[in-house]
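# Observations on the three-dimensional arrangement
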Amino acid sequence: NAGVTQTPKFQVLKTGQSMTLQCAQDMNHEYMSWYRQDPGMGLRLIHYSVGAGITDQGEVPNGYNVSRSTTEDFPLRLLSAAPSQTSVYFCASGFRGGYTFGSGTRLTVV
Amino acid sequence: TQLLEQSPQFLSIQEGENLTVYCNSSSVFSSLQWYRQEPGEGPVLLVTVVTGGEVKKLKRLTFQFGDARKDSSLHITAAQPGDTGLYLCAGVRMGAQKLVFGQGTRLTINP
């Protein structure tokens, strides 16, 4: 099925560890983005990309890196995990008419 | 400060009642979108509105975009337990490219 695929679905990290959350879409969308969702906070934009080779910061970019080498993939890297990064992470792709979201990665940092 | 303010944040009503959820901002948006999210899943797009004053209907759901393109509303008629979920408004500001979200409205419809 066409859509946005996120891996892994669950992850537990120790403080200070690094990891990459993967996101892939097969709809040829130029726009892709990463959000985190915390209780009572809605979705907050971490980073976004408007095409291969182009990325920009969102509302809460600190502690995260992204790159966009292809249209299909948009990985999110946690450089040195902190307990404050415990959250559910969603990747989305789309255009002004609407966005498709992945099913999320639930990350716990201990 | 939230760019998009949703109200109410929580709403619990009885089956068959009507309700309205509001999404307000001081900024002008090129488009506003409404999503619904179930527990453990990503948000799913319900509708996109792009023209000031636009009204769109999706069965018992009516979406409206304000004339000044700064606000939107979601009205549900004769709510059903299946309407229970988190409703999120999101928008792209004029001249910008990123999609930002309101904090959401958690709706519970009691049988």
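Residue numbers restart at each chain and count upward from 1, following the sequence in its written direction. Both sets of labels track the order of writing: A upward for chains, 1 upward for ligands. This being a predicted model, a pLDDT of at least 70 is required before a residue's local features are given, and a value of 80 or more before pairs of side-chain atoms are given or counted; all residues contribute to the totals for chains, interfaces and linings. Where side-chain values are given, they derive from all heavy atoms of the structure, hydrogens and water being excluded.

So, on to the sheet that holds strand β3 (residues 19–25) of chain A. Across a sheet, strands are paired by hydrogen bonds formed along the backbone, either parallel or antiparallel in direction. All names here are of chain A. Ordered in space as β1-β3-β8-β7, the four strands form an open sheet in which the pairing is antiparallel. Of all strands in the sheet, those with a lone pairing partner are β1 (4–7) and β7 (64–66), marking the two edges. The average undirected angle you get between the axes of adjacent strands in this sheet is 20°. Relative to β3, β1 runs antiparallel, the two being bridged by four bridges. Across the sheet, valine 4 pairs through a bridge with glutamine 25, a residue of β3. We treat two strands as partners when DSSP finds at least two bridges between them. Under the DSSP-based scheme used, a helix requires at least four consecutive residues in state H or I and a strand at least two consecutive residues in state E, with every element numbered from the N terminus. Convention adopted: a line fitted to C-alpha atoms gives each axis, helices being fitted over their contacting stretch, and angles between N-to-C directions are expressed from 0 to 180 degrees.

Attention now moves to the pairing of strand β7 (residues 61–65) of chain B. Residue and element names in this part refer to chain B. Burial classification: accessible surface area is computed with a 1.4 Å probe over protein chains only, and a residue below 20% of its type maximum counts as buried, one above 50% as exposed, and the rest as partly exposed. Burial within β7 is extensive, with four of its five residues counted as buried. Pairing of strand β6 (residues 55–58) with β7 involves four bridges; the strand directions are antiparallel. The residue bridging valine 55 from the neighbouring strand is glutamine 64, located in β7. The antiparallel hairpin formed by β6 and β7 contains two residues in its connecting segment, where lysine 59 sits at a positive phi of about 55°. As defined by bridge partners, β7 adjoins strand β8 (residues 71–76) across five bridges and the pair is classed as antiparallel. Looking across to β8, one finds that phenylalanine 63 is bridged to leucine 74. Count of turn residues in the β7/β8 antiparallel hairpin: five residues, of which arginine 69 carries a positive phi of about 60°.

Keep in mind these numbers describe shape, not what the thing actually does.
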